[in-house]
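The primary structure of each chain is shown beneath.
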Amino acid sequence: MNNSPVRLQKYLAQCGVASRRKCEELIVSGRIAVDGDIVVEMGKKIIPGKSRITMDGRPVKSREKAVYYLLNKPKGYVTTLSDPQGRPVVVSLIKNGSSRLFPVGRLDLDTEGALILTNDGQFAQKVQHPSNETRKTYEAEIKGQPHRATLAALEKGILLEGKITAPAKVSLLARRGNSSLIRITIHEGRKRQVRKMFAHMGHPVFHLKRTAYGKLFLGNLSSGKYRQLDSRDLKKVFL
Ligand code: URA
């Protein structure tokens, strides 16, 4: 169910490059590279869908059809492929999914909401590459009642860990006693960025949910549920 490391020669054979034995010969003769480095020894393990494998400089493509899912990640699930602490992993929620499935980017353990999973490494790279500025929208329940100036500062960019955050879109959705519900859209992907941005302004986040990638919205998918994405959905990610 998850794409755990596999031996290079086994992977090459699965991709239909040649028989396992022939693939071993290809490796020994220096024709195979992993992430740009020629590999000649046999013990090398790679991560299907993540490691970049080439033969004679040309990408080795998996025979598997590309699949894409939008999951409503529940709290308490990790977005890594395995967890030494034994916590549940998001890929385990996709029933009968590809064995090479992996999440596109990450969501914190305590964050819920929209998470794309795929076996398509190129698509994942495109979503995450900074030059594409893929927009991610979150709803954050934060402590207290932020001033308008605070929200404006977050929109414009704040100095966070030595670097100004890129312009964001921020709006107040509701005030609730001693908390507020804020919608924020960012296109950077720093670790725990939304939580850090609000905490920095004195409004720690109580609850965080990603509601969209671009114009691909989570909609009414309930927690732990997922749907398969088609090419129209995939285009919305970049809108
Ligand atoms: N920002 C966060 O703080 N957490 C996430 O999971 C995603 C964005």
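In this text the structure is predicted, and so the values were computed from the model without any measurement.

> Looking at this structure, how should I read the site of the ligand?
Within the structure, the ligand sits among Leu107, Asp108, Thr111, Tyr138, Arg192, Gln193, Val194, Arg195 and Leu208. Separating a nitrogen atom of the ligand from a side-chain N or O atom of Asp108 is a distance of 2.7 Å. Interatomic distance of 3.2 Å between a backbone N/O atom of Val194 and a nitrogen atom of the ligand. A total of 240 Å² of accessible area belongs to the ligand in isolation, and the protein chains cover 96% of it. Per-element accounting of the shell around the ligand gives the leading share, three residues, to helix α5 (residues 193-200). Considered class by class, the residues forming the shell around the ligand number four nonpolar, two polar and three charged.

> Just checking my understanding: could you explain the domain arrangement of the chain for this structure?
Often the size quoted for an interface is simply the accessible area lost on bringing the parts together. We note that the domain assignment places domain 1 (6-59), domain 2 (68-130 + 216-236) and domain 3 (135-213) within the chain. Distance between the C-alpha centres of domain 1 and domain 3: 44 Å.

> Which parts of the structure should I look at to understand the environment of Ser171?
Positionally, Ser171 belongs in strand β13 (residues 169-176). Considering only alpha carbons, one finds Ser171 and Gly202, 31 residues apart in sequence, at a separation of 17 Å. Every residue in contact with Ser171, bar those within four places of it in the chain, is listed here: Leu181, Ile182 and Arg183.

> Even after reading the chapter, I still don't get the sheet that holds strand β6 (residues 58-59), so can you show me in this structure?
Strand pairing in a sheet is mediated by backbone hydrogen bonds. Such pairs are either parallel or antiparallel. An order of β3-β2-β5-β6 is seen for the four strands of this open sheet, with the pairing classed as antiparallel. Whereas interior strands pair on both sides, the edge strands pair on one side only; in this sheet they are β3 (37-38) and β6. In this structure, strand β2 (residues 32-34) lies alongside β3, joined through two bridges in antiparallel fashion. Of the residues in β3, the one forming a bridge with Ala33 is Ile38.

> Help me out: how do you make sense of the packing of aromatic side chains in this one?
Working definition: an aromatic ring pair is given by the centre-to-centre distance plus the angle between the planes. The full count for this structure, using the stated rule, is three aromatic pairs. With a centroid separation of 6.0 Å and 80 degrees between ring planes, the pair formed by Phe123 and Phe238 is classed as edge-to-face. Of this pair, Phe123 sits in helix α3 (residues 121-128) while Phe238 sits in the segment after α6 (231-236), and the two are 115 residues apart along the sequence. Residue Phe123 is classed as buried on the basis of its relative accessible area, which comes to 8%. Ring pairing ties together the aromatic residues Tyr68, Phe123 and Phe238, which thus form one cluster. Over the face of the ring belonging to Phe238 we find Lys126, whose NZ or CZ atom lies 4.3 Å from the ring centre. Sitting over the face of the ring of Tyr213, Arg210 holds its NZ or CZ atom 4.6 Å from the ring centroid.

> Whenever I open this one, the pairing of strand β14 (residues 179-186) confuses me. Can you help?
Across the eight residues that make up β14, a large majority, seven, are buried. Looking at chain direction, strand β10 (residues 136-143) and β14 are connected through eight bridges and run antiparallel. Of the residues in β14, the one forming a bridge with Lys143 is Ser179. Bridge count for β13 against β14 is seven bridges, and the pairing is antiparallel. Looking at the pairing, Ala174 lines up with Leu181 of β14. Counting the residues between successive antiparallel strands, the hairpin from β13 to β14 contains two residues, one of them, Gly177, with a positive phi of roughly 50 degrees.

About the cut-offs
Each chain carries its own residue numbering, running from 1 in the written order of its sequence. In view of the model being predicted, local features appear only for residues whose pLDDT reaches at least 70, and side-chain atom pairs are presented and counted only at 80 or more, with totals across whole chains, interfaces and linings using the full set of residues. Working from all heavy atoms in the structure, the side-chain values ignore hydrogens and water. One heavy atom within 4 Å of a molecule or strand is enough for the residue carrying it to be called near that molecule or strand. The definition of a polar contact used here is a pair of N or O atoms within 3.5 Å, where within protein one atom must be able to donate a hydrogen and the other to accept one, and adjacent residues in sequence count solely through side-chain atom pairs. Each accessible area is a Shrake-Rupley result for a 1.4 Å probe, and residues are judged covered by the shown protein chains and nothing else. What counts as a helix is a DSSP run of H or I of at least four residues, what counts as a strand is a run of E of at least two, and both are numbered from the N terminus. Gly is placed with the polar residues, together with every amino acid not listed as nonpolar (Ala, Val, Leu, Ile, Met, Phe, Trp, Tyr, Cys and Pro) or charged (Asp, Glu, Lys and Arg). Bear in mind that the domain bounds are from an automatic or database domain assignment. Pairs of residues are marked as contacts when any of their non-hydrogen atoms sit within 4.5 Å. Whether two strands pair depends on DSSP finding at least two bridges between them. Centre distance within 6.5 Å is the pairing criterion for rings of Phe, Tyr and Trp, where only the six-membered ring of Trp is used; planes under 30 degrees apart are then read as stacked, over 60 as edge-to-face, and the remainder as tilted. Only protein chains enter the area calculation, which uses a 1.4 Å probe; residues under 20% of their type maximum are buried, those over 50% are exposed, and those in between are partly exposed. Whether a charge sits over a ring depends on NZ of Lys or CZ of Arg being within 6 Å of the ring centre and within 35 degrees of the ring normal.

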